[in-house]
Amino acid sequence: MDANLFQQTFDRIRREMARVVVGQQELVDGVLVATIAKGHVLVEGAPGLGKTLVARAFATVSGCAFKRIQFTPDLMPSDITGSSVYSRETGRFTFVPGPIFAQFLLADEINRAPAKTQSALLEAMQDHQVTVDGTSRPLPGPFVVAATQNPVESQGTYPLPEAQLDRFLFKLTVGDPPPELERTIVRHHADGFDPTNLSALHSATSPQELLAMQLHAQSVHVDDAVIAYIVELVRRTRDDKAIELGASPRASIALLKSAQVIAASDGRTFLTPDDVKPMVAAVLRHRVMLHPDAQLQGISADERIQDILRAVPVPRLAA
Amino acid sequence: MDLMRARVAMRERPLLDILDLAVRFCAAHAWPYAKLSAVVLLPGLAVSWGASRIGGWWVGWTVTWMLSAFAGAPFVALASRLVFADRVRTRESLSIALRAVPRLILLRLLQALGLVFSALLLGLPWLWLGTVLLFVVEILVLEQSGVGGTLGRAQRVASAHFPDAVLTMLLLVVAPVAAAMLADVAGREILAGLLEFRPPPSIFRAGGSWLALMGWWATLPWLETARFFVYLDIRTRTEGWDIQTRFAAIAARLEAERSTQASLGVEKAGHRRLAVGGLALLALLAVAPPAHAAFDPARAQADVDGAMSEGQYPFCSAPRAPLSPSARALCPHASEIPACRGFLADCASATPPPATPPSRTWPWSGHALTLPAVVGRAAQMLVWLLVAALVTAILIPVLRAIARAKRGNDPPGLAAPPEAPRADEVVVVNDEELLLSRGDELARAGRFGAALQHYLAAGLRALDKRGSVRITRDRTNGEYVRGCTDAGARPVLRAIVREVDRVQFGGEEATPESVARASHWAAALVRALPLLALALALAGLPGCGSAGRGSSTVPRAGDDPAGGELFLDVLRRQGGDVATLGTSLASLPLPERGERVAAVVVDLEHTDLDDDTRDHLVEWVDAGGILVLAGHLAGWPKAFGATATQREVPLGAALSSGPHELTVRRLLARSALDDSDGDDDASGKAGVYAETAERGVLASGPAMNFAAPAEGVASFADGTTYAAVLPHGGGFVLGIASDELMTNVALARPGNAAAMVAVFSNADRLALRIADAEDGVSPPSTPIAALLRVGLGTGLVHALLAVLVLFAAAGSRLARPRPILPPRRRAFAEHVEAVGALYARTHSAPHALAAYARFADERLHARMPRGSADVAAFLASRARVPVEACQRLWARAVQAKAGAPPLGDELAVLRELSAVYAAAMGRPMSLDER
């Protein structure tokens, strides 16, 4: 795959998604970038904003096998990974794979399941494999987990631990659409659109092509100055007085990989700070923990991240 | 250099403050200004006065305007030095200004071309052109820029705060004119009313006066200082405190050049001599000619010959072309006047006369009627000068490039190549032209990557100064492109960014071709506007075509055959006290009983009388005045009963064909017309005449008669009266049927001068006051009537409408409700305010102070001018608190850290800082006030 083909495929996927998804461009782009960057995405938003629709549409457009898991408090890890079941006819245990054995997994309301169940995703998200009864079974590639959580409800939820949060490449926040978009959405439904029937969508790519895109994105040239810029941005989160726990080096890597995808989507073979900057908020907002004083004062992680962006000079030779 | 030692505090000021500051600045440094004024203004005044004497006021004011364009440069240099130094020598200011004169000449030529171009479009483009070129003197003199750089820099400086620049430009146009008029009016009042000297003719009648010239020149120092302060203010607003380093660099450069000042000692002495000479010239010009005892017709011809021989009257040799109807009517005299070949030839030519007759006695109004001729000739001169300037402008950079190339080919060791900046070095260069030149140097040295960065920086700098982008250290190149508000510049900027990113981040090598392209794009971004201005100026060239033959001559004094210069000159040589009336005929003060007032001469061929004026003239004559009326009998006051008399002419001949022989009686004495015996009837008081009558010849022979008994003084061969004396009340009227004897050509004919002197001897006065063309109408009673009278009524209506529209627009703009945006961290501000004590109890006061300092720092940086970094100084200037106190407060605030132990003063500092911040932001909110 070359740069032109990458850019054309990228644009084709976005156009196809736009046929059923009105607005939510940041969410669509985030899912696409995360897929190509071999990452996973955590989506936070109120119910009814199209999160499930985006996931299903993306799976259809990308030709990936799609599975959805609705997390509940009584969900067990084996409900996710699968388990061995004894077969009376054969007299042996047969492994029945769980819904995690898909290429695109939608983990709905992941914060409603207990930590033990949430941890079942850890190995899958990190190593792209599942170990059940001592046997590791690889997951089909590309493997992407899109998890959602509801920011409104706090009763009966289990906040994701930092270790798991760190596994997500992005945290995307989904807000209410503007009035004109909402009118368009309602008009679509009035005209007969059925979100459960996505047969009108065509496959714009294939899992194999996505794998090729992943390889091409990794080959995007990165200058030392850009690496220094990325590291400085992440390092500032550790020195910021309003942030108690800053981002880890994994955040730097995540920023790098997502920026490489952005650069490749622009048809370039090299990375610039302009590719890094738009991804900073999505990569860092769930990786920093604010100081309680800052939370008391109403400071949000996004605000601190924007302050850090303004404070870090963009690399250039002379001004 | 320490900013605190600046003589003028560098802060943003409104325009009125700047003007007031300029006045106080000039007053505070009166002695340096006086010394420089003596060197610069006095010679300028003398030259202007001399030019007006030679060529008339049209030439005089043109010379004044041209000299003012250069005479202001020394005052700019002086003001710039006085801002930072206690003592400044006059020769320093002069030397700084003189070095800039060659470039200033070129720039003034371009400005003049722009003015001509604007005149073709009713002067409207000058509102923009004049503004963008407003600060050329400051940039040339202070920044030592070249011509091209000055044009671009001036446009950028003016565009940074265009409204102030426009107002300053209008002030510079209006103020000298207003000062000239004010000085003329006030000076005449002082001279005539207070000192009882004879004042010069009013500027509104003669076109100028030495009083008006003094007023014009006197405003120059203040105007130049005010413009310099506006320039200073704009640069302070746009470049913050960088201006102090720029002036420091200028001062350091000038310090190195002090050794060359010694050669100016001779020039200073020369200036002193020139000033003294100018004063002497002024005194000489003010001396009145000696007076004679009475009019003597026997000397008249000698006086005419003397005046003609002095070369002041080219109406015979090179008369004004084309001939006016009045001049053409005098053609029968041409063959009788010796050495009048020019007028004779023009009389013989078939050139049709112009529609409007030129003025007889007032050259400046005649010049105004031939304004298109002057503009055409001026345009021709400017075109040739521009061609020469363009050739020079092209040659200079070529020669420089050759010289630079020669320097570049020097063997290594003689000229070390410039070092490219390292990635960790941040070179702060504030001038995009410098960045461009630095980029060129790096490109020539083979450092293409650094050159590309400099080209990008130059383009961004230029766009930032225009307000199209905002340079901040955290913005990426892509954000500059996406955020560029200049749609035309965006593609160019994108192209440069693409090249820079490819090299800097893509690991590719920059090629000379890509660097050359980037250089071209960056130059296009930086120099777009000056090129546009030059293109506009060049586009105006086709309109500056040559004027036709009909208007090819510039009017000069004494070149009109029908003019009256010789008439006045002869009367003065005869010993007469001849001067312009200086007031309206309708407001002539009535003579006191027994008072011998000067006779008033009114040529009704050039002066129209309204009814009020006619009535007043009758009253004035009745009170004892002596009125000389000539020509246009139908316009005389009806009370005098003058009518035209039908003359018998030979069959086939016309009354105007001439010659018409005239016999004139010269008055020797007249009995007094004072009614000492109570008898108002003056009919019995006859004149005593000379035995020998004077004879003259007229080209046209209108005759007149008075209804009441009159004493004929001049008659034709057929006995009809040409001139007569009509007693009326306490005075009398000397009526003359035409003004031919008052014209240049008629007087030049041998014999006519004696006839004219004989006619005017019947006025029985040596003191004659000549009425101007506009004296025939009564003065306007109100300012509005005066504006309507001069034809500005429509303009006044337009101005009022424009004011109403502007008022309505401004009012609607201000009346529109603007939403008050809530502060982004309102919760935090209220939280700190509400739980200040809680923070103290929990030992979190340092954290509160640090957080508030960050909040204030962010907000202040958003408000501060581009390029400025001193938050404390900005706070001090905005909140009007002492700078030292503000610096201590700010230093303490930023020193606070969240986890540090409290020092005990955090909350007090927080309270004070919030009050200062609120004052700086213009809000009344403060912790103390709650």
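### A few points about helix α11 (residues 273-284) of chain A
Thought 1: End to end, α11(A) covers 16 Å across 12 residues, agreeing with the expected 16 Å (1.5 Å per residue, within 8%).
Thought 2: The buried fraction of α11(A) is high, at 11 of 12 residues.
Thought 3: Of all the positions in α11(A), only A:Pro273, A:Asp274, A:Asp275, A:Val276, A:Lys277, A:Met279, A:Val280, A:Ala281, A:Ala282, A:Val283 and A:Leu284 are classed as buried.
Thought 4: The elements touched by buried residues of α11(A) are α2 (25-36), β9 (170-174), α9 (224-239), α10 (249-265) and α13 (301-311) of chain A together with α22 (477-483) of chain B.

### Let's talk about the packing of aromatic side chains
Thought 1: Inspection of every chain in the model, using the stated rule, returns 21 aromatic pairs over all chains.
Thought 2: Arranged with centres 5.5 Å apart and planes meeting at 50 degrees, the rings of B:Tyr852 and B:Phe855 form a pair that is tilted. Taken together, the residues B:Tyr852 and B:Phe855, both in helix α33 (residues 845-863) and 3 residues apart, mark about one turn of the helix.
Thought 3: Cluster of aromatic residues (ring-pair linked, three or more members): B:Phe25, B:Tyr33, B:Phe75, B:Phe135, B:Phe228, B:Phe229 and B:Tyr231.
Thought 4: Above the face of the A:Phe95 ring, A:Arg137 is positioned so that its terminal group lies 3.8 Å from the ring centre.
Thought 5: Positioned over the ring face of B:Tyr689 is B:Arg665, at 3.9 Å from the centre of the ring.

### Examining the sheet that holds strand β2 (residues 66-70) of chain A
All names here are of chain A.
Thought 1: The 5 strands lie next to each other as β2-β5-β8-β1-β9, forming an open sheet whose pairing is parallel. The two strands at the open ends of the sheet, each matched to only one other strand, are β2 and β9. Averaged over all pairs of adjacent strands, the angle between strand axes in this sheet comes to 20 degrees, irrespective of strand direction.
Thought 2: Bridge analysis of strand β5 (residues 104-108) against strand β8 (residues 144-149) gives 4 bridges, and the strand direction is parallel. Paired with Ala107 across the bridge in β8 is Ala147.

### Digging into the packing of helix α25 (residues 565-573) of chain B against helix α28 (residues 752-761) of chain B
Residue and element names in this part refer to chain B.
Thought 1: Between α25 and α28, the shortest axis-to-axis distance is 11 Å and the interhelical angle comes to 70 degrees. Our classification of the angle between α25 and α28 gives roughly perpendicular. Between α25 and α28 the crossing geometry is right-handed. Each of Phe567, Val570 and Leu571 in α25 lies in contact with α28, whose residues at this interface are Met756, Val757 and Phe760.
Thought 2: When its residues are assigned to classes, the contact of α25 with α28 shows 6 nonpolar, no polar and no charged.

### A closer look at the state of the cysteines
Residue and element names in this part refer to chain B.
Thought 1: A full pass over the atoms with the stated rule returns 2 disulfides over all chains.
Thought 2: Residue Cys331 pairs covalently with Cys347 via a disulfide, S to S 2.0 Å. With the S-S dihedral at roughly -85 degrees, the linkage between Cys331 and Cys347 falls on the left-handed side. In this pair, Cys331 is assigned in the loop between α16 (325-328) and α17 (341-348) and Cys347 in helix α17, connecting sequence segments 16 residues apart.
Thought 3: Given the relative accessible area of 17%, Cys347 is considered buried.
Thought 4: With its bonded cysteines labelled in order along the sequence, chain B shows the pairing 1-3, 2-4.

### Some remarks on the pairing of strand β4 (residues 92-97) of chain A
All names here are of chain A.
Thought 1: Here 6 bridges tie strand β3 (residues 82-87) to β4, and the two strands are oriented antiparallel to one another. Residue Tyr86 lies in a different strand from β4, and its bridge partner there is Phe93.
Thought 2: Joining the antiparallel neighbours β3 and β4 is a turn of 4 residues, in which Gly91 adopts a positive phi near 75 degrees.

### So, helix α2 (residues 30-55) of chain B
Residues and elements named next belong to chain B.
Thought 1: With 26 residues, α2 extends 35 Å from end C-alpha to end C-alpha; this agrees with the ideal 38 Å at 1.5 Å per step.
Thought 2: The largest bend in α2 is about 40 degrees, located at Ser37.
Thought 3: Looking one or two places after α2, you find Gly56, whose phi comes out positive at around 95 degrees.

### Remarks on the side chain of B:Arg765
Residue and element names in this part refer to chain B.
Thought 1: Secondary-structure assignment places Arg765 in the loop between α28 and β13 (767-770).
Thought 2: According to the relative accessible area criterion, Arg765 is buried, its value standing at 11%.
Thought 3: Apart from the residues within four sequence positions on either side, Arg765 is in contact with Phe295, Arg596, Val597, Ala599 and Ile626.

### So, unusual backbone geometry
Excluding glycine, residues mostly have negative phi values, and the peptide bonds linking residues are mostly trans.
Residues and elements named next belong to chain A.
Thought 1: Positive phi values are uncommon outside glycine, yet Gln24 reaches one of about 50 degrees.
Thought 2: Position of Gln24 relative to the elements: it lies in the loop between α1 (3-17) and α2.
Thought 3: Judged by relative accessible area, which is 19%, Gln24 ranks as buried.

### Notes on the nonpolar core
All names here are of chain B.
Thought 1: Counting residues in hydrophobic clusters, the biggest one holds 85 residues, and the most contacted among them are Leu627, Tyr722 and Phe760.
Thought 2: Ranked by residues supplied to this core, first place goes to α28 with 8 residues.
Thought 3: Once residues lying within four places of it in the same chain are set aside, the contact partners of Leu627 are Val600, Val602, Leu617, Trp620, Val621, Phe640, Phe732, Val733 and Leu734.

### With respect to a negative patch on the surface
Thought 1: On the surface, a cluster of negative charge is made up of B:Asp612, B:Asp615, B:Glu619 and B:Asp622.
Thought 2: Tracing the backbone shows B:Glu619 in helix α26 (residues 611-622).

### Quick word on a nonpolar patch on the surface
All names here are of chain B.
Thought 1: A cluster of nonpolar residues, Val391, Ile394, Leu395, Val398, Leu399 and Ile402, forms a patch on the protein surface that exposes about 540 Å² of accessible area.
Thought 2: By the element assignment, Leu399 lies in helix α19 (residues 371-408).
Thought 3: Leu399 gets classed as exposed once you look at its relative accessible area, which sits at 54%.

### Re the environment of A:Leu32
All names here are of chain A.
Thought 1: Mapped onto the elements, Leu32 comes out in helix α2.
Thought 2: Taking relative accessible area as the criterion, Leu32 reaches 1% and is therefore assigned buried.
Thought 3: Separated by 229 residues in sequence, Leu32 and Val261 place their C-alpha atoms 9.3 Å apart.
Thought 4: When neighbours within four sequence positions are excluded, Leu32 is seen to be in contact with Phe10, Ile13, Arg14 and Phe58.

### Considering the side chain of B:Asn752
All names here are of chain B.
Thought 1: Relative to the elements of secondary structure, Asn752 occurs in helix α28.
Thought 2: Residue Asn752 is classed as buried on the basis of its relative accessible area of 0%.
Thought 3: From its side chain, Asn752 meets the backbone oxygen of Ala746 in a polar contact 2.8 Å long.
Thought 4: Beyond its immediate chain neighbours, meaning those up to four positions away, Asn752 contacts His333, Gly696, Val697, Leu741, Ala746 and Leu747.

### A short note on the pattern of salt bridges
Once their charged atoms are close, side chains differing in charge can pair, the charge on each being opposite to the other.
Residue and element names in this part refer to chain A.
Thought 1: Scanning the entire structure with this criterion turns up 39 salt bridges over all chains.
Thought 2: The partner of Asp191 in a salt bridge is Arg187, and the shortest N-O contact between them spans 3.4 Å.
Thought 3: Of the residues examined, Asp191 reaches a relative accessible area of 56% and is grouped as exposed.
Thought 4: Residues Arg268 and Asp266 are paired through a salt bridge, measuring 3.2 Å at the closest nitrogen-oxygen approach.
Thought 5: On the basis of relative accessibility, which here comes to 16%, the residue Arg268 falls in the buried class.

Rules used in this analysis
- Residues numbered from 1 in each chain as written.
- Chains lettered and ligands numbered in written order.
- Predicted model: local features only at pLDDT ≥ 70, side-chain atom pairs only at ≥ 80, totals over all residues.
- Heavy atoms only, no water.
- Helix = DSSP H or I, 4+ residues; strand = E, 2+ residues; numbered from the N terminus.
- Expected span 1.5 Å × (residues − 1).
- Buried < 20%, exposed > 50% of the residue type's maximum accessible area, 1.4 Å probe, protein only.
- Contact = heavy atoms within 4.5 Å.
- Phe/Tyr/Trp six-rings, centres within 6.5 Å; stacked < 30°, edge-to-face > 60°.
- Lys NZ or Arg CZ within 6 Å of the ring centre and 35° of its normal.
- Pairing = 2+ DSSP bridges.
- Axes fitted to C-alpha atoms, helices over the stretch in contact; angles between N-to-C directions.
- Parallel < 35°, antiparallel > 145°, perpendicular 65-115°, else oblique.
- Left-handed = near helix turned anticlockwise from the far one by under 90°.
- Nonpolar A, V, L, I, M, F, W, Y, C, P; charged D, E, K, R; others polar.
- Disulfide = S-S within 2.5 Å.
- Bend = angle between axes of the 7 residues up to and from the residue.
- Core = buried A, V, L, I, M, F, W, Y, C linked by side-chain atoms within 4.5 Å.
- Patch = residues over 30% accessible without salt bridge, like charges linked within 9 Å, V, L, I, M, F, W, Y side chains within 5 Å.
- Areas by Shrake-Rupley, 256 points an atom, 1.4 Å probe, with all protein chains shown as cover.
- Salt bridge = Lys/Arg side-chain N within 4 Å of Asp/Glu carboxyl O.
- Lys, Arg positive; Asp, Glu negative; His and termini not counted.
- Charge placed at Lys NZ, Arg CZ, Asp CG, Glu CD.
- Polar contact = N/O pair within 3.5 Å; in protein donor to acceptor, adjacent residues only side chain to side chain.

On their own, these measurements won't tell you what the molecule is for.
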